Every structure is written in C-alpha cells, then in structure tokens.
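Examining the three-dimensional arrangement
Read off the chains here:
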Amino acid sequence: MIILGMMAIFLSACKKDKDKPEDDSYVISCDLAISFVNANGDDLLDSSLAGSYSFEKMRLYYLINDSIVEVYDTNMDVPRNMALITETAPVQLTVLTFSEPEGQPAPGEIRTGTAIAYLQLDSLDTDTITTEWEQGTNHFYNTKVWYNGVEQPVHSPFEVMK
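Residues numbered from 1 in each chain as written. Predicted model: local features only at pLDDT ≥ 70, side-chain atom pairs only at ≥ 80, totals over all residues. Heavy atoms only, no water.

1. Some remarks on the overall build of the protein
Put simply, the rule reads: Runs of H or I in DSSP of at least four residues are treated as helices and runs of E of at least two as strands, each being numbered from the N terminus. The classification of residues rests on relative accessible area computed with a 1.4 Å probe and restricted to protein chains. Under 20% of the type maximum is buried, over 50% is exposed, and intermediate values are partly exposed. It only takes one pair of heavy atoms within 4.5 Å for two residues to be counted as in contact.
Regarding its fold elements, the protein presents 1 helix and 11 strands. Secondary structure elements of the protein, listed N to C terminal, follow the sequence α-β-β-β-β-β-β-β-β-β-β-β. Counting all 162 residues of the protein, 33% fall into the buried class. Within the protein, contacts between residues at least 6 apart in sequence are counted, and of these 54% link residues at least 24 apart.

As structure tokens, this is what we get:
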C-alpha cells in the first residue's frame, strides 16, 4: 500500500502542465566523439601505447572574430571543453566544438552560422573542425560537421586515421 501511494505521488509529479509551453527546456548539442587510429588500427588515445597522443598536451582553440582563442575556463568542470572517454574501445575524445554566440535570439527567431575550431593533438599535429550550427530560444546544436574538410556524422562517434 505504501509503495502504491509513493508511485501515485511520483507519477503526479511528472504530469505536464498544459498551460506551460512544451519546449521550455534548453538543448545544447555541439559536442563530437572522435577516436584516432593509425594505419595498423592502433588506438592513438590509449596512453599505454607508444606513440599515442597525450591528453594533457592537447589544446582546443576557437576562431572568434578572426582571432584564434585557446579554450580554458577554470570555472568549468571540463576547462578545455574536451574529455577522454576511456570506457570505449577505441578510446574517444569528446570535444565541445563551439561556445554559443552572444545573446539569445528573440522568441521564434532561428540563427544559423559556421564555427571553426582547431584541435591541437600535439606540437606537430593540429586538425580543423568546421561546424554549421543552429540556435533558437531553446536550442543550440550542430547541423553539419567537417573534420579536416571531410564531412562527419553530427551525432555519432567517428574515427580519424592518422
């Protein structure tokens, strides 16, 4: 009986408010999941392998108003807008491709644009990530992605051969 009462409380808490707009949440989807392999199929993000990339040496830069700006915000949980996902095989690098433009669009307004990011894997290897994005009052997401000029899936992990 107690369990049924608790379920009733939880279910009533999940009801939608019919007077409230359905799209009152904010969706951000501008991250990529990338794995790097060599011609032999070796995982270049696996730190136990000789010749792999060191995550600590990687840097991300955004092209903002014709200036290249290194991404580093000490107030964020992920200050460089990159993280390693080691639970996958091969290991994946998650990269936030662009921080949102200034200001919110007006209700019903949709903004679109192109962003360029540079991923420095080591001192000799820097790749270019180009994205087309869309922003509305309740969303910001990538609509197209190119990695070094090659179109990639927007919402699926992809592999880059080095």
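What follows continues from the structure just given.
2. Comments concerning the nonpolar core
What counts, and what does not: As used here, the term nonpolar core means buried Ala, Val, Leu, Ile, Met, Phe, Trp, Tyr and Cys residues forming a set that is joined through side-chain atoms within 4.5 Å.
In terms of nonpolar packing, the biggest core is built from 23 residues, with Ile34, Phe36, Leu60, Leu93, Val95, Leu119 and Tyr147 touching the most fellow members. Listing elements by their share of this core, those giving two or more residues are β2 (31-37), β3 (59-64), β6 (92-96), β7 (111-122), β9 (139-147) and β11 (158-161). Discounting residues that sit within four places of it in the chain, Leu60 has contacts with Val69, Glu70, Val71, Arg80, Asn81, Met82, Val95, Leu96, Ala117, Tyr118 and Leu119. Formed by 5 residues, the second largest nonpolar core is a distinct cluster that contains Cys30, Phe98, Ala115 and Trp133.

3. Notes on the sheet that holds β2
Strand pairing within a sheet occurs via backbone hydrogen bonds; the two strands may be parallel or antiparallel. Rules: One bridge is not enough; two strands pair if DSSP finds at least two bridges between them. Between the N-to-C directions of two axes lies an angle of 0 to 180 degrees, each axis being a line fitted to C-alpha atoms and, for a helix, fitted only over the stretch in contact.
With mixed pairing, 4 strands are arranged side by side in an open sheet as β5-β6-β2-β11. The open sheet is flanked by β5 (82-85) and β11, the only strands paired with a single partner. This sheet shows a mean twist of 30° between the axes of neighbouring strands, independent of strand direction.

4. Side note on the pairing of β7
In this structure, β3 lies alongside β7, joined through 4 bridges in antiparallel fashion. Across the sheet, Tyr61 pairs through a bridge with Tyr118, a residue of β7. Here 11 bridges tie β7 to strand β8 (residues 125-136), and the two strands are oriented antiparallel to one another. The residue bridging Thr114 from the neighbouring strand is Glu132, located in β8.

5. Here we look at the environment of Thr86
By secondary structure assignment, the location of Thr86 is in the loop between β5 and β6. We classify Thr86 as exposed; its relative accessible area is 52%. Between the C-alpha atoms of Thr86 and Asp46, which are 40 residues apart in sequence, the distance is 8.2 Å.

6. Comments concerning the packing of aromatic side chains
Selection criterion: Stacked, edge-to-face and tilted are the three classes for Phe, Tyr and Trp ring pairs, Trp counted by its six-membered ring, which pair at centre distances within 6.5 Å; planes under 30 degrees apart are stacked, over 60 edge-to-face, the rest tilted.
For the structure shown, the criterion picks out 4 aromatic pairs. With a centroid separation of 5.9 Å and 65° between ring planes, the pair formed by Tyr147 and Phe158 is classed as edge-to-face. Of the two residues, Tyr147 is situated in strand β9 and Phe158 in strand β11; the sequence distance between them amounts to 11 residues. In terms of burial, Tyr147 and Phe158 fall into one category: buried. Taken together, the ring pairs connect Phe36, Tyr53, Tyr147 and Phe158 into an aromatic cluster.

7. Structural notes on the pattern of salt bridges
As a reminder of what qualifies: Whenever Lys or Arg places a side-chain nitrogen within 4 Å of a carboxyl oxygen from Asp or Glu, that contact is recorded as a salt bridge.
Scanning the model with the defined rule gives 5 salt bridges in all. One salt bridge connects Glu109 with Arg111, and the closest N-O pair in it is separated by 3.6 Å. Linking Asp127 and Lys162 is a salt bridge whose minimum nitrogen-to-oxygen distance equals 2.6 Å. With a gap of 35 residues between them, Asp127 in strand β8 and Lys162 in the segment after β11 connect regions that are remote in the sequence. For Asp127, a relative accessible area of 2% corresponds to the buried category. A cluster of three or more residues bridged by salt bridges with shared partners is formed by Arg59, Glu70 and Arg80.

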